[in-house]
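Coordinate analysis (summary)
One-letter residues, chain by chain:
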Amino acid sequence: MRTKILILAAMLPLFAAAQNPNFTITGKIGNLNKPAKIYLDYSSDGVGKSDSCELVDGTFKFTGHIENIASGRITLSREGIRDKEIYGAGGLGDVIYPSFGKENIRINSADSLFNAKWTNSKVYDESIAFIKAVGPPVMTIHHHANAALTRATPEQKADTLFFKALDKKVTEMQASRRKKIVEFALANPNSYFAMYSLSEANYGAKSEVILSVFNKMSEALRLSYNGQSLYKMLSADKVTALGATAPNFTQKDVDGKSVSLSDYKGKYVLVEFWASWCAPCRAESPNLLKQYAAYKDKGFEILGVSVDSDKAKWLEAIKKDGLTWTQVSDLKGWESDARKVYGISGVPANFLVSPDGKIVGAHLTGEKLNKKLAELLD
């Protein structure tokens, strides 16, 4: 017994050291006071944490412990309601998605997080340099798309051509970013941000192309948590290749009832990955509604799989867009089990499954989806 006690006593300093804070984020946003609150959600090597604090004369401070560079989300709510500003106001909430390291960081702004200046963070500076090289992140692209929707006139909002033009611009910006991520990774094999973003570049690309880029990255990055997660995702592409049997999964619908992909055997089913906060996903809803109405009596179904984490916002989006097919979600956000099984790196994404359970189409939107359904069901 004494030996066990001595071993535990020896381990205590190591445990305590592992838990000691190794980063701080101190900031000042104007002169805001209660009820204004600021929220920090971050993840490092697969471990997610959340924190919050009230603003006092605009000031706030977070401390925490991370094992590696963290990717995070910081939200400012002037009403002190978590996530309201992310999903409210047409997706134009005061929210940013920074990366940071084991540093003592300062954030300052006269009015908002979105316009805040970061100092004393080498990791943040490197992330900004990366963004300048490859283009704005997906969430920033969506933010500007939502801003354009907010500014739109009633006539524009009723014009399908306006939405198609906006969707085209978003799609082109994302495609350009994915191409530049690959180019950056080849030129910078030691870049943490290149490795972290290769999963995004994998969206819509051939897995063997991204795998060849992955193999040129430094060994340290390939063996890191993000590197191994990417490798698993690239391997998942084989599982979801055309002609492969679609991986089964089970999640709860809006009423809490378990629904499995295997329940749809005997029908063509479009497994549609989406999220309430995803502007391109929502822009595709009118076309999905049209195709569903045209083919649901011919053996076609849609199974919506949300990567939301907020059930209220998920349900609100379903109602607002008038989606009538079955919707499921495990409400784990980007940690969705179904997303991991299918290895998708962005939304919208989908897989068309045949009556015998084989994948016969992938990433079909707009006219590509329409032509494929007409080919199979008309």
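Refer to the structure printed above.
A brief look at the structure comes next. Nothing here was measured: the structure is a model prediction, and the numbers come from that model. (Residues numbered from 1 in each chain as written. Predicted model: local features only at pLDDT ≥ 70, side-chain atom pairs only at ≥ 80, totals over all residues. Heavy atoms only, no water.)

Turning to the sheet that holds strand β15 (residues 349-353), a few remarks are in order. In a beta sheet, neighbouring strands are held together by backbone hydrogen bonds and run either parallel or antiparallel to one another. Strand order in the open sheet made by the 5 strands is β14-β13-β12-β15-β16, with mixed pairing throughout. One side of each edge strand has no neighbouring strand; the edge strands of this open sheet are β14 (326-328) and β16 (359-362). Strand-to-strand twist of the sheet, defined as the mean angle between neighbouring strand axes without regard to direction, takes the value 20°. In terms of strand pairing, strand β12 (residues 268-274) meets strand β13 (residues 300-306) through 7 bridges, oriented parallel. Opposite V271, over in β13, you have L303 as the bridge partner. Relative to β13, helix α11 (residues 279-295) is tilted by about 155°, and along the sheet it contacts β12 and β13. (Pairing = 2+ DSSP bridges. Helix = DSSP H or I, 4+ residues; strand = E, 2+ residues; numbered from the N terminus. Axes fitted to C-alpha atoms, helices over the stretch in contact; angles between N-to-C directions. Contact = heavy atoms within 4.5 Å.)

What follows concerns the pattern of salt bridges. What the rule picks out here adds up to 10 salt bridges. The salt bridge involving R73 is made with D41; its shortest N-O contact spans 3.4 Å. Taken as a pair, R73 in strand β5 (residues 70-77) and D41 in strand β2 (residues 37-44) lie far apart in primary sequence, 32 residues in all. For the pair R73 and D41, one class covers both residues: buried. Close ionic contact of E200 with R177 constitutes a salt bridge, the shortest N to O distance being 2.7 Å. Residue E200 is located in helix α7 (residues 192-201), and its partner R177 is located in helix α6 (residues 160-187); the two are separated by 23 residues in the primary sequence. Using a relative accessible area of 15% as the deciding quantity, one classes E200 as buried. (Salt bridge = Lys/Arg side-chain N within 4 Å of Asp/Glu carboxyl O. Buried < 20%, exposed > 50% of the residue type's maximum accessible area, 1.4 Å probe, protein only.)

The buried count for β2 comes to 6 of 8 residues, which makes it a mostly enclosed element. Of the pairings in the sheet, the one linking β2 to strand β3 (residues 47-54) comprises 8 bridges and is antiparallel in character. Note on β3: the bridge partner recorded for I38 is C53. Joining the antiparallel neighbours β2 and β3 is a turn of 2 residues, in which D45 adopts a positive phi near 50°. Both β2 and β5 contribute to a ladder of 7 bridges, which runs antiparallel. Considered in β5, the bridge of L40 is made with I74.

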